[in-house]
Amino acid sequence: MEHRQRTISAESPRRRDAPRGEAAEKSTEKGASWFRISEWIARIRAPIRVKLLVSFVGISALMVALALLGLATLRLSNDRTNQLIEDQELIAVFTQVAIDVNVLLIYGMSIFANSREYSEIPIYQMTHSNSYPELILVHAVRKAKQADPVDVARLNQLENLLSNTRALFQFSLSIEKLWKAGEKEAAKSEFETRFVPKAKEIYRSAYTYSSARIEMMQADAAATDREYQASQVTVVSASALAVGLALLLGYSISASIIRPVSRIRQVLRDLGKGDFERAASVANRDELGELADSVNKMSLQLGKTYADLKVANEHKSQFLANMSHEFRTPMNSILGYTELIQDGIYGPVPEKIADALSRVEANGKALLGLINNVLDVSKIEAGHFELQLDPYDMAEVIRSVTSTVEPLVAEKSLSLEVDIDPSLPEGYGDSARIRQIVLNLVGNAVKFTERGGLSIHVSASDAAFTIDVSDTGPGIAPQDQETIFYEFQQADTSSTRSVGGTGLGLAISRKLAELHGGTIRVESTPGAGSKFTVMLPVRTPLKGVAT
Amino acid sequence: MTFRILLIEDQADNRRILRDLLGSAGLQVLEAPNGRIGVDMALSERPDLILMDIQMPEMDGYEATRRIKATPEGSRIPILAVTSYALSGDEAKARAAGCNDYVTKPYSPRALLALVLSHLNLG
């Protein structure tokens, strides 16, 4: 992971706000006012579930209020409808009474206007037809009394009509009685002086009441119409208001939750990219506020840790550089003087001394080899190892290795077989390091093999080199075949003690192979020798520093 | 004509090795124990080749090389850098400072001698 280089000043680190979410960036008035409200909500010191609960309960309450408003409107309209129905009924009653009385009048007039012989049937009909309006009125009066509240005017009108109708009935009874007694003239006189006026009075009252009622009904209908229009407006505006409030509430609360979350998310994303200087600025004083605080603290801590690690890494690099110098300077003197003495620059060298000196030189070189190994490992671990990539000839690399080990191979009377494919392509990589890998493997083969010999096969295919180094040595147990590549591990110390070495060679060789984009594998059976296989891309892919 | 080699090296042992080595090959050796004196001697003595140690206190080999190469007399003298740093980029740094060639410690004296002779066109 690449870390961006950022210097944190000693006085106080510059903390920058994580970029804001899209909603807040709108500079429209609506956006600004919502933003303020959501900030205000964020500042409330209450847990999020309470805020959410309040929001949902609030929206539900708005819905309930709307429903209640609807119900009230319906109730009002229902009352109005009932009123209209009653009015209709009353008008019907009055009209019916007027009609019935009119019929009676016509009956009577027809009876008494004609001067022929009257039959009793019309009279009888007249008398008993009287009962119809009475029945209607009795029913209407009862209903009026049952109404709550009682419409006093309506009751009075009905009772008035009823009593008059009953009086009319009495008149018609006495007319019938006179008629039956044969006093036809008296009956006619009774009819004209009492029945007709009363009937006309009833007719007129009923007509008047009816007209009045019709007027009232029309007024009611108009009022109902107006009320309907008004209630339409009320319900629609109340709905709009409720929707607006609900949206506002919902948006504000969710913004008060989402905005901090998106800011925190942005800071965490920046952290993931290695930017430790972002801080989430969050107004919340609820759980999200705490979360933002924790994230900010963590970011600060990580930034400090990273800065510390950088310093430590720089110390390490400095140490490596110093150690390089410290180790190599005396080695230079030891090997340098030895070589000069051997070359006779200080005078002739007797054979015994020359022998001893060659031991000194050999040991000096061995020690140098060990120092180089340790420094290589440190370098690779510190991430300071860079390959020097150039074109190279693989065959030449192999040949330089074999010429180096030839003396030792001869000394141990081992056989050395080298088989290099003649059509190898030109390689592109760090030839010195590749030589180091091959020399390590071949050197190990020579070191560990007492009888028989070793063979080196080099071939290329599919843009990769394959180098096999096989030996007839003791072989490697399966459980060791992975651990021999670990640093400072050797397989079974008993067999290796006589051979020496720090155990770093294979670890370094594998790291170097991997830096080239390649691998090292081993196949071995204890007692039947080992075969190490190095696979390297012909063209090393460009890579950075080893991590 | 005897070729004159200037050694700019702070360690006494290393100076002696080089002195003995180069002397045995018939070369005349001048010695400077630090960068500052080395620069002065390079400009005043005008040697045929300079062996420049890199790791020196006060003024390191890169700086000394830059100063020598910045002068008209000094720019013509071949400078071989001798360094024990093995960190990446050291060779590039040496060449950037103006060194003509580069050798890491510990070096084989025979090999170093061959390199010196080749730069003197005697190899």
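Scroll up to find the structure.
Read on for a plain summary of the structure.

Rules used throughout
- Residues numbered from 1 in each chain as written.
- Chains lettered and ligands numbered in written order.
- Predicted model: local features only at pLDDT ≥ 70, side-chain atom pairs only at ≥ 80, totals over all residues.
- Heavy atoms only, no water.
- Helix = DSSP H or I, 4+ residues; strand = E, 2+ residues; numbered from the N terminus.
- Buried < 20%, exposed > 50% of the residue type's maximum accessible area, 1.4 Å probe, protein only.
- Contact = heavy atoms within 4.5 Å.
- Areas by Shrake-Rupley, 256 points an atom, 1.4 Å probe, with all protein chains shown as cover.
- Buried area = accessible area lost by both parts, 1.4 Å probe.
- Salt bridge = Lys/Arg side-chain N within 4 Å of Asp/Glu carboxyl O.
- Polar contact = N/O pair within 3.5 Å; in protein donor to acceptor, adjacent residues only side chain to side chain.
- Nonpolar A, V, L, I, M, F, W, Y, C, P; charged D, E, K, R; others polar.
- Pairing = 2+ DSSP bridges.
- Axes fitted to C-alpha atoms, helices over the stretch in contact; angles between N-to-C directions.

## Some details on the overall build of chain B
Within chain B, the regular secondary structure consists of 5 helices and 5 strands. In sequence order, chain B lays out its α and β elements as β-α-β-α-β-α-β-α-β-α. Residues classed as buried in chain B amount to 52% of the 123 residues present. Across chain B, contacts joining residues at least 24 apart in sequence account for 62% of those joining residues at least 6 apart. Summed over all atoms, the accessible surface of chain B reaches about 5,400 Å², with 48% contributed by carbon and sulfur.

## A look at the interface of chain B and chain A
The partner chain A presents 24 residues to the 21 residues of chain B that form the contact. The contact between chain B and chain A buries some 2,100 Å² in all, and 56% of this surface belongs to carbon and sulfur atoms. For the pair chain B and chain A, the number of links is 2 salt bridges. Asp343 of chain A is the partner of Arg110 of chain B in a salt bridge, and the nearest nitrogen-oxygen pair spans 2.9 Å. At the boundary of chain B with chain A, the tally comes to 8 residue pairs in polar contact (both at pLDDT 80 or more). Secondary-structure elements contributing two or more residues to the side of chain B that touches chain A are helix H1 (12–24) and helix H5 (109–119) of chain B. Per element, the largest residue contribution to the side of chain B that touches chain A is 7 residues, and it comes from H1 of chain B. For the side of chain B that touches chain A, the class distribution of residues is 8 nonpolar, 7 polar and 6 charged.

## Quick word on the environment of Leu375 of chain A
All names here are of chain A. Along the chain, Leu375 falls in helix H9 (residues 351–382). Given a relative accessible area of 5%, Leu375 falls into the buried group. Counting along the chain gives 51 residues from Leu375 to Ser324, while the straight-line C-alpha distance between them is 7.2 Å. With residues near it in sequence (within four places) discarded, Leu375 still touches Leu320, Met323, Ser324 and Arg328.

## A short note on the sheet that holds strand S4 (residues 415–420) of chain A
Residues and elements named next belong to chain A. Within the open sheet, the 5 strands sit side by side as S4-S6-S7-S9-S8. Their pairing is mixed. Strands with a single pairing partner mark the edges of an open sheet, and in this sheet they are S4 and strand S8 (519–524). Strand-to-strand twist of the sheet, defined as the mean angle between neighbouring strand axes without regard to direction, takes the value 15 degrees. Pairing of strand S7 (residues 464–471) with strand S9 (residues 530–537), which is carried by 8 bridges, proceeds in the antiparallel orientation. Looking at S9, one finds that Asp468 is bridged to Thr533. Here helix H10 (residues 394–411) sits on the sheet and contacts S4, strand S6 (453–461), S7 and S9; the angle it forms with S4, its principal contact strand, is near 175 degrees. Where helix H11 (residues 431–448) meets the sheet, its contacts fall on S6, S7, S8 and S9, and the angle it forms with S7 comes to roughly 20 degrees.

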